[in-house]
Amino acid sequence: MSAVETDPPDPPDADEWRPPVRDDDEYVVSVPPGPFARLARLWRYRELLVGLVRTELKVKYKNSVLGFMWSLLNPALYLVVFWVVFTYFLPNGIPQFAIFLMSGLLVWNLFSLGLGNATGSIVANSGIIKKVSFPREILPVASVGAGLVHFFLQGIVLLGALVLFQHPVAWNYMWLIIPALLTLLVLAAGFGIFLTAVNVYLRDTQHFLELLLLAWFWMTPIVYTYRTVVDNPKIPHFFKILYKMNPILWIVLPFQRAIYNRTYFDTPGLRHWVTPAPASPWWYLARIAVVFVVGFAILIGGLSFFGRVEGNFAEEL
Amino acid sequence: MVNAVSVRGVSKMFRLSSEKHTSLKEKVVHFGRSTYTEFWALQEIDLEIAQGTTVGLLGHNGSGKSTLLKCIAGILQPTSGEIRTRGRMAALLELGAGMNPELTGRENVYLNGSILGFSKKDLDSRFDDIVGFAELEQFIDNQVKYYSSGMYVRLGFAVAVNVDPDVLLVDEVLAVGDEAFQRKCLDRVKQFQNEGRTIVVVTHAADLVRKVCDGAAVLDHGNLVFKGSPGEAVRSFRDHLLLNDTYDDEEVEPQHKITVNTKPIEISYVTLERENVDRTYLVPGESLVVRVGYEAFEEIPDATFGLVVYDTEGNLIYSTSSALLGSPTGPFFGTGEVTFTFDDIPLLDGNYPISLGISSTDWGVVYDWREQCCQFEVVNPTSTQGLVALPLRVEIQTHAVDKGTAVG
């Protein structure tokens, strides 16, 4: 073997030479991509997604003195109000109620804030919808992403509370938070993509959603325990089945199980169960998995509905 | 030849309803009775744009040219037909469309760039170019809402042209900023062309098409009426524009017949006679005769007939009068005709309005004045550019050089 030096030719200077066409893929513009192609495209545009999330947060708190503190103050105030009401006015007897409430509220805030903003996102950004071509489904997803940032900020507050009260969490259930959170994001994005498309044609959607979220909040065990409903003999059976169909329920429960970590509490002469009694982490995971499948179906359905009506967005806005 | 954009049989229908019913109540109330009229903004458009060419889409307002561009950009979806594009595309439909006024210039460069589909790494390496191009080094960390509209537009353009698209779609935005910036924009367009990129530009500025385009298509009421060379396209565009024009450029309204006349002398008619009567326009170098009829109701001892030619923007091109040209200044009585003859119109492209008037020779009394009462059009069939066809000859003398057999 002769040691012939074969230097690769110097790469041409980017400023001096450019191949005439670097991207030679042909796109059919007139046919909207399918839901799975859209998912892949969301991934390709992840940098824009991050940029939009950052913009949404930045713009929201620009020119406000407290800035990001607001995203902590808002749930903190909720917490104080609920804590005062359900500890003193309408005592429900749940010990360390603040921790219990916060572990559920964390989930709910992500869902309701993300979904609410996602639903308004297309109408709110009509300016760029009409003038710029980009994957529009990224807007509702970015709203959910902004909700996720708030989730983490509020998580820090919860963490502080746990340390302060020296609350023992359930470490063996803690990993459930990851699949539960992922499922929650898929659900919020799926509903959000569907509703934001509907909202373009029917602006009532936004207002209707506010009411729906209010009812939904009380139908989810956040300020009371799951077992108060399920164990109550006065509540008819069919309602309990309906109650269990709430997908958010199966996200809230593992959070409560892992963070609040009390399966029951006793009042004089009576034992109150909090969570489904003898459930192992796998029992929770199985339910999360079912919700994930449902959520994914909603996401795909939402994306394909979005794709079908998207072509007229620029005209309708 | 590979096509960067192919448009096949594309039609676009808009539903025009008197009002949009977007609330549930309105939808229910108007359910099934929503009255709308169909409006076809595009009808069966076929257009192939080859890679590396610059193509202008010409048309008057409402011709569908912007709708076609939006369909190509993927912002609107055609009702029927197919559009294929090749390569990365950037659309400049409105400068600064993706910008958020609350963010700083720097943040907007990244946001706008990523909306156009470019990565942070791409943008990092081009950031200085972009800011330099926009000439906003000092203000880049200020919120965009404090920018002047010129700064706003410069930043938007700078992002769009620096992000390296294969196909650039532009909607009448090349004319932004001051003259120096415009020249910079045109230079960048030229550079794009040299790099083999494809540009589609929508405009109604015929000059621009002639200046930068390799080809052009003309749209009229949603139909593609012409595609071909820029020069011919401009002519076709003008023809269609004239067909749609309701105003009569031949004669002044014969209003003197019904009005009670208080003027001692007035213009009764104006006719333009073109050298080639078969055409509605002149070609540079042809002759034009302007005949002005007058009627004097009393004896006017001293009068002169004025003629003023403007360009489309209203700039004065030429002003003269019969007295200045050496004609007698009166007396005038009864009817008569004044004939102005341009033996050779040296003007290039454009519409040229004419004003006519009668006054005393010292311009102390203006008897009658018809502001821009008629116009003539000049269409330049060649690719020469400018305002005036200066009389010019050229000669090239080749001196024989002994180069063996090199010259065949």
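Look up: the structure comes first, before these words.
Every value quoted in this text rests on a predicted model; they were computed, and no experiment measured them.

Right, let's talk about the overall build of chain A for a bit. On a plain count of helices and strands, chain A comes out with 14 helices and three strands. Based on the C-alpha atoms only, the size of chain A along its principal axes is roughly 90 × 60 × 45 Å. Looking at the 317 residues of chain A, the share that counts as buried comes to 46%. Total accessible area computed for chain A in this model is approximately 16,300 Å², and 68% of it derives from carbon and sulfur atoms. Taken together, the 23 basic and 20 acidic charged side chains of chain A have centroids lying 18 Å from each other.

With that settled, the discussion passes to the nonpolar core. Counting 61 residues, the largest nonpolar core has Leu101(A), Trp108(A), Phe111(A), Val223(A), Ile248(A) and Phe255(A) as its most contacted members. Secondary structure elements with two or more residues in this core: α3 (69-89), α4 (97-124), α6 (138-165), α8 (177-201), α9 (204-218), α10 (226-230), α12 (249-260) and α13 (281-310) of chain A. The element that contributes the greatest number of residues to this core is α4(A), accounting for 13 residues. In terms of nonpolar packing, the next biggest core, distinct from the first, is built from 43 residues, Leu116(B), Phe118(B), Leu123(B) and Val161(B) among them.

Turning our attention to a nonpolar patch on the surface. Among the surface-exposed residues, Val65(A), Leu66(A), Met69(A), Trp70(A) and Leu73(A) lie close enough to one another that they form a single nonpolar patch of about 520 Å² accessible area. With respect to the helices, strands and loops of the structure, Val65(A) is situated in the loop between α2 (46-61) and α3.

Attention now moves to the pattern of salt bridges. Using the criterion set out here, one finds 18 salt bridges over all chains in the structure. We note a salt bridge from Arg41(A) to Glu137(A), for which the minimum N-O separation is 2.9 Å. Note that Arg41(A) is positioned in helix α1 (residues 35-44) and Glu137(A) in the loop between α5 (126-131) and α6, a separation of 96 residues in sequence. Across this residue pair, the class does not change: Arg41(A) and Glu137(A) are buried. The residue Arg291(B) makes a salt bridge to Glu273(B) at a minimum N-O spacing of 2.6 Å. You can see Arg291(B) sitting in strand β11 (residues 288-300) and its partner Glu273(B) sitting in strand β10 (residues 265-274), a full 18 residues away along the chain. Residue class for Glu273(B) comes out partly exposed when judged on its relative accessible area of 34%. One network of salt bridges, in which partners are shared, links Arg38(A), Arg41(A), Arg136(A), Glu137(A) and Glu310(A).

Before going further, it helps to spend a moment on the sheet that holds strand β3 (residues 54-58) of chain B. Residues and elements named next belong to chain B. Taken together, the six strands give an open sheet; going across it, the order is β5-β6-β7-β3-β8-β9, and neighbouring strands pair in mixed fashion. Whereas interior strands pair on both sides, the edge strands pair on one side only; in this sheet they are β5 (89-92) and β9 (223-228). Along the sheet, successive strands turn relative to each other by an average axial angle of 15 degrees, direction set aside. Bridging between β3 and strand β8 (residues 215-220) involves four bridges; their strand directions are parallel. The partner of Leu57 across the bridge, within β8, is Ala217. The sheet contacts of helix α2 (residues 65-73) involve β3, β5, β6 (167-171), β7 (198-203) and β8, and relative to β6 the element is tilted by about 150 degrees.

Analysis parameters
Position numbers for residues start from 1 in each chain and track the written sequence from start to end. Working convention: letters from A go to chains and numbers from 1 go to ligands, in the order in which they are written. Reporting of local features is limited, given that this is a predicted model, to residues whose pLDDT is at least 70; pairs of side-chain atoms are given and counted only at 80 or more, and all residues count toward the totals for whole chains, interfaces and linings. Each side-chain value is worked out from all heavy atoms of the structure, with water and hydrogens disregarded. Numbering of helices and strands starts at the N terminus; helices are DSSP runs of H or I of at least 4 residues and strands are runs of E of at least 2. Type-normalised accessible area, obtained with a 1.4 Å probe on protein chains alone, sets the label of each residue: buried when under 20%, exposed when over 50%, and partly exposed for intermediate values. Here, Shrake-Rupley sampling with a 1.4 Å probe gives the accessible areas, and only protein chains in the shown set may cover a residue. Positive charges come from Lys and Arg, negative ones from Asp and Glu, while His and the chain ends are left out of the count. To locate a charge, take atom NZ for lysine, CZ for arginine, CG for aspartate or CD for glutamate. In these notes, a set of buried Ala, Val, Leu, Ile, Met, Phe, Trp, Tyr and Cys residues joined through side-chain atoms within 4.5 Å is what counts as a nonpolar core. In this scheme, patches are assembled from residues that exceed 30% relative accessible area and form no salt bridge. Like charges are connected within 9 Å, while nonpolar side chains (Val, Leu, Ile, Met, Phe, Trp, Tyr) are connected within 5 Å. Any Lys or Arg side-chain nitrogen found within 4 Å of a carboxyl oxygen on Asp or Glu counts as a salt bridge. One bridge is not enough; two strands pair if DSSP finds at least two bridges between them. Whenever a helix is involved, its axis is fitted only over the stretch in contact; in every case the axis is a line through C-alpha atoms, and angles between N-to-C directions fall within 0 to 180 degrees. The contact definition used throughout considers only heavy atoms, calling two residues in contact when any of these lie within 4.5 Å.

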